[in-house]
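Chains, contacts and geometry: an overview
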Amino acid sequence: MSKASKARAQVVRLLIPAGKAAPTPPVGPALGARGVKSMDFCKEFNARTAGVEPGVPVPTLITVQPDRTFSFITKTPPVSYFLKQTTGIEKGVGKPGHEFQATISLKHVFEISKIKATDDQMKHLPLESIARMVVGSARSLGIQVVP
């Protein structure tokens, strides 16, 4: 690697269960390869996600600076997690759009949309657009949306 590429901050995207970060894969290897002490990250992550129900997957963006310091941003859980929790299914269907294994009401879709609207990348979108994204994710999981 050239010196110019090492001088930039690196961004690592991980999906980590809330309150259960440990220096084992995927956290340990992803941060260790960049020279960050994974135990320091795990302690800070677990402290920051203490208010979230343990085990909820939390998307995390970790920015590693060239001097091996880090900062991270936590986001809201994925839409698929909320849909699976709401309907009680384990995983999606084999043929989305052709098979349905659960139904969900528009009320639930808008509740999930309100939660996702708090994310930074969704703040500029209207709630209706976010709800359409949730409906699309529901269809891909084999969940039928009823009014």
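For the structure itself, look to the data block above.
Here the structure is a predicted model, which is why all the values come from computation and not from measurement. (Residues numbered from 1 in each chain as written. Predicted model: local features only at pLDDT ≥ 70, side-chain atom pairs only at ≥ 80, totals over all residues. Heavy atoms only, no water.)

1. Examining the pattern of salt bridges
Evaluation of the coordinates by the stated rule reveals 5 salt bridges. With a closest N to O distance of 3.4 Å, K116 and D119 form a salt bridge. Among the residues examined, D119 registers a relative accessible area of 6% and is labelled buried. Across the salt bridge formed by D120 and K123, the nearest N and O atoms sit 3.8 Å from each other. Of the two residues, D120 and K123, both sit in the exposed class. (Salt bridge = Lys/Arg side-chain N within 4 Å of Asp/Glu carboxyl O. Buried < 20%, exposed > 50% of the residue type's maximum accessible area, 1.4 Å probe, protein only.)

2. Focus: the sheet that holds strand β2 (residues 57-64)
The antiparallel open sheet is built from 3 strands, whose spatial order is β1-β2-β3. Looking at strand neighbours, the two that pair on one side only are β1 (10-17) and β3 (70-74), the edges of this open sheet. When strand polarity is set aside, the average angle formed by the axes of neighbouring strands in this sheet is 25°. Sheet analysis places β2 next to β3, joined by 5 bridges and oriented antiparallel. Paired with I62 across the bridge in β3 is F72. On the sheet, helix α3 (residues 38-48) packs against β1, β2 and β3 and is oriented at approximately 30° with respect to β3. (Pairing = 2+ DSSP bridges. Helix = DSSP H or I, 4+ residues; strand = E, 2+ residues; numbered from the N terminus. Axes fitted to C-alpha atoms, helices over the stretch in contact; angles between N-to-C directions. Contact = heavy atoms within 4.5 Å.)

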